[in-house]
Amino acid sequence: MSRVRRRSPVSPSPLWGKLHTLWQDKHLVLFKTEYTLLVVSVLWFLEIGINLWVIQKVAYTEIDWKAYMDEVEGVINGTYDYTQLKGDTGPLVYPAGFVYIFTVLYYLTNHGVNIHLGQHIFAGFYLIMLLLVFRIYNRTRKVPPYVFFFVCCASYRIHSIFVLRLFNDPMAMMLLFAAINLFMDGYWTLGCGLYSLAVSVKMNVLLFAPGLLFLLVREFGLIRTIPKLSLCAAIQLFLGLPFLLENPVGYVSRAFDLGRQFMFKWTVNWRFLPEWLFLNRYFHLLLLAAHLLTLLLFAFRRWKRPGESIFELLKEPSKRKLPAQSSTIMLILFTSNFIGMCFSRSLHYQFYVWYFHTLPYLLWSGGVKKLADLLRVLILGLIELSWNTYPSTNGSSAALHVCHLIILLCLWLAPPLHSAQAEKQENSSVKDKRH
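If you're wondering where the values come from, they're calculated on a predicted model, not measured in any experiment.

Visitor: Describe the overall build of the chain, listing the residues and the values that go with them.
Guide: Tallying secondary structure elements over the chain gives 18 helices and two strands in all. The buried share of the chain, reckoned over its 435 residues, is 51%. When the accessible surface of the chain is split by element, carbon and sulfur atoms take 67% of a total near 21,400 Å².

Spelled out as structure tokens, the structure:
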């Protein structure tokens, strides 16, 4: 009598298992951070359609594009003296990287005439930057996925800055987020090079510099940090060389003008002040002092690890009691930039992109447990409303400062950085690619 063999049950495929789990958790997809990749992927593809719709249906507004084209046209025609380069809205006040990038755009858009093509190119920049931002958030998984709807689809002002105004700020931030991705992957030298390129487009990226300097010293010690700073400086010198040879003082004073005076009518953050105080140099010095003091407080009290003296940061990483690692890169860089935004002499509408994509991370990194998700979303909404109020009002400016203050206090009350043991475990799971 032949024996009948029983068939062993077929185990479900890994894909089927993931789909089954997804179906079971369908009501939690927008709230569980393990579904971040799924949600941001859907939103990214949705953004393609949104950008095309905005370009087709919403009228383009000329602000600085024609001035950009006039400025780079002067360089194309052989003028390398920065004091002689100007457009409709005033003199050229951006570093040399801006000139080279917008020269390429000048030729791609038929000498700046084909604005419709320029809008599509900037839509491409937006989608690339969004990929870089989403990759950062997917790596950390600190923010619930539903928040990313507010990070992209819901912001009118950000879409306007990219595809309806064609400002240079988005280009600088795209390069900046690419550099941050490299920092997180351990490619510090390459990241510093890309960071310097971002600065060469617009110097607002320097607001990240205090945090980056702190991270470099913590990762490599003082001596090994110097070559990376030298690389950043060398890139600036190389890009600016044609203009430095022609008029070095003119180039530096125009491209890196830290004392530039802003117009009161465009301010988003100080509308409630009288104009004479807004323009007062002593007020500017007070803001600078508050900016530097806040940075020092965060560096000494919040960024360094518990039990670590500030002098230990100057040692070689191998000689420290607590080895350095990169788990807090985002928090330190984003906080450094945010502090600069809080104490800025003036914020114009296109400056929103300087910190917009970092706000969710900062809010969900705060140390106030009672600050529920609903309140965090409310703060994001109030900030968006403040930046969308044109012209700004006393109320919109005051609301923006209140939101900034709440975020800053939450960051100050945030828990200490990871313990040495947690950092050691994280380091062992990621291949060290530093060079």
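Back to the text.
Visitor: If you had to explain the pattern of salt bridges to someone new, which residues and values would you point to?
Guide: Counted by the stated rule, this structure contains seven salt bridges. Aspartate 70 serves as the salt-bridge partner of lysine 66, at 3.5 Å between the closest nitrogen and oxygen. Highlighted residues: lysine 66 and aspartate 70, both in helix H3 (residues 65–76), separated by four residues, approximately one helical turn. Among the salt bridges present, the one from arginine 135 reaches aspartate 185, with a minimum N-O distance of 3.0 Å. With arginine 135 in helix H5 (residues 115–140) and aspartate 185 in the loop between helix H8 (169–184) and helix H9 (188–201), this residue pair connects regions lying 50 residues apart in the sequence.

Visitor: Account for the packing of H8 against helix H14 (residues 329–342), naming residues and giving values.
Guide: Remark: H8 packs on H14, axes separated minimally by 10 Å, with the N-to-C direction vectors making an angle of 150°. Our classification of the angle between H8 and H14 gives roughly antiparallel. Classified by chirality, the crossing of H14 by H8 is right-handed. Contacts between H8 and H14 involve Phe177, Ile180, Phe183 and Met184 from the first element and Ile329, Met330, Leu333 and Phe334 from the second.

Visitor: Residue-level account of the side chain of glutamine 236, with values.
Guide: Take glutamine 236: it is sitting in helix H10 (residues 209–246). Residue class for glutamine 236 comes out buried when judged on its relative accessible area of 16%. Polar contacts involving the side chain of glutamine 236 include one to the main-chain carbonyl oxygen of serine 196, which spans 2.6 Å. When sequence neighbours within four positions are dropped, the list of residues in contact with glutamine 236 reads Ser196, Val199, Ser200 and Phe256.

Visitor: Lay out the packing of aromatic side chains in plain terms, naming residues and giving numbers.
Guide: Taken as a whole and assessed by the stated rule, the structure comprises 42 aromatic pairs. Judged by centre distance (5.1 Å) and plane angle (85°), the ring pair of tryptophan 44 and phenylalanine 45 falls under edge-to-face. Judged by relative accessible area, tryptophan 44 falls into the buried class, the value being 17%. With relative accessibility at 57%, the residue phenylalanine 45 sits in the exposed group. Centroid distance tyrosine 352 to tyrosine 355: 6.2 Å. Interplanar angle 65°. Geometry classified as edge-to-face. The same class applies to tyrosine 352 as to tyrosine 355, namely buried. These aromatic residues form a ring-pair network of at least three members: Trp65, Tyr68, Tyr94, Phe98, Phe102, Phe122 and Phe125. Above the face of the phenylalanine 264 ring, arginine 271 is positioned so that its terminal group lies 4.9 Å from the ring centre. The ring of tryptophan 364 carries the charged tip of arginine 376 above its face, separated from the ring centre by 5.4 Å.

Visitor: Account for the side chain of arginine 271, with residues named and values stated.
Guide: By secondary structure assignment, the location of arginine 271 is in the loop between helix H11 (248–255) and helix H12 (275–278). No salt bridge is formed by the buried arginine 271. Its closest oppositely charged neighbour is glutamate 275, at 7.3 Å. In this structure the side chain of arginine 271 is engaged in a polar contact, spanning 2.8 Å, whose partner is the backbone oxygen of lysine 265. When near neighbours in sequence (up to four residues on either side) are disregarded, arginine 271 contacts Phe264, Lys265, Trp266, Ser392, Thr393, Asn394 and Ser397.

Visitor: Residues and numbers for the nonpolar core, please.
Guide: Counting residues in hydrophobic clusters, the biggest one holds 131 residues, and the most contacted among them are Ile383 and Trp387. Broken down by element, the residue count for this core peaks at 13 residues, all from H5. Here isoleucine 383 is in contact with Tyr352, Tyr355, Leu359, Leu400, Cys403 and Ile407, once residues within four sequence places are set aside.

Visitor: Could you give an account of the environment of alanine 399, with specific residues and numbers?
Guide: Relative to the elements of secondary structure, alanine 399 occurs in helix H17 (residues 394–412). Assessed through its relative accessible area of 24%, alanine 399 is described here as partly exposed. Here the alpha-carbon distance between alanine 399 and isoleucine 379, two residues 20 residues apart in the chain, equals 9.5 Å.

Visitor: Before we move on, can you summarise the packing of helix H13 (residues 281–303) against H17 with the specific residues and values?
Guide: It is at 11 Å that the axes of H13 and H17 come closest, and there the two elements cross at 25°. By the criterion of interaxial angle, the relationship of H13 to H17 is roughly parallel. Facing Thr294, Leu297, Phe298, Arg301 and Arg302 of H13, the residues of H17 in contact are Leu408, Leu411 and Trp412.

Visitor: Hey, could you go over H11 for me, with residue numbers and the actual values?
Guide: For H11, every residue scored as buried is listed here: Gly250, Tyr251 and Ala255. The arc enclosing the buried residues of H11, seen along the axis, measures out at 100°, which places them on a common side. Looking at the packing, one finds that the buried side of H11 touches helix H4 (96–108) and H10.

Reading the values: the criteria
Residues numbered from 1 in each chain as written. Predicted model: local features only at pLDDT ≥ 70, side-chain atom pairs only at ≥ 80, totals over all residues. Heavy atoms only, no water. Helix = DSSP H or I, 4+ residues; strand = E, 2+ residues; numbered from the N terminus. Buried < 20%, exposed > 50% of the residue type's maximum accessible area, 1.4 Å probe, protein only. Areas by Shrake-Rupley, 256 points an atom, 1.4 Å probe, with all protein chains shown as cover. Salt bridge = Lys/Arg side-chain N within 4 Å of Asp/Glu carboxyl O. Axes fitted to C-alpha atoms, helices over the stretch in contact; angles between N-to-C directions. Parallel < 35°, antiparallel > 145°, perpendicular 65-115°, else oblique. Left-handed = near helix turned anticlockwise from the far one by under 90°. Contact = heavy atoms within 4.5 Å. Polar contact = N/O pair within 3.5 Å; in protein donor to acceptor, adjacent residues only side chain to side chain. Phe/Tyr/Trp six-rings, centres within 6.5 Å; stacked < 30°, edge-to-face > 60°. Lys NZ or Arg CZ within 6 Å of the ring centre and 35° of its normal. Lys, Arg positive; Asp, Glu negative; His and termini not counted. Core = buried A, V, L, I, M, F, W, Y, C linked by side-chain atoms within 4.5 Å. Arc of directions from axis to C-beta.

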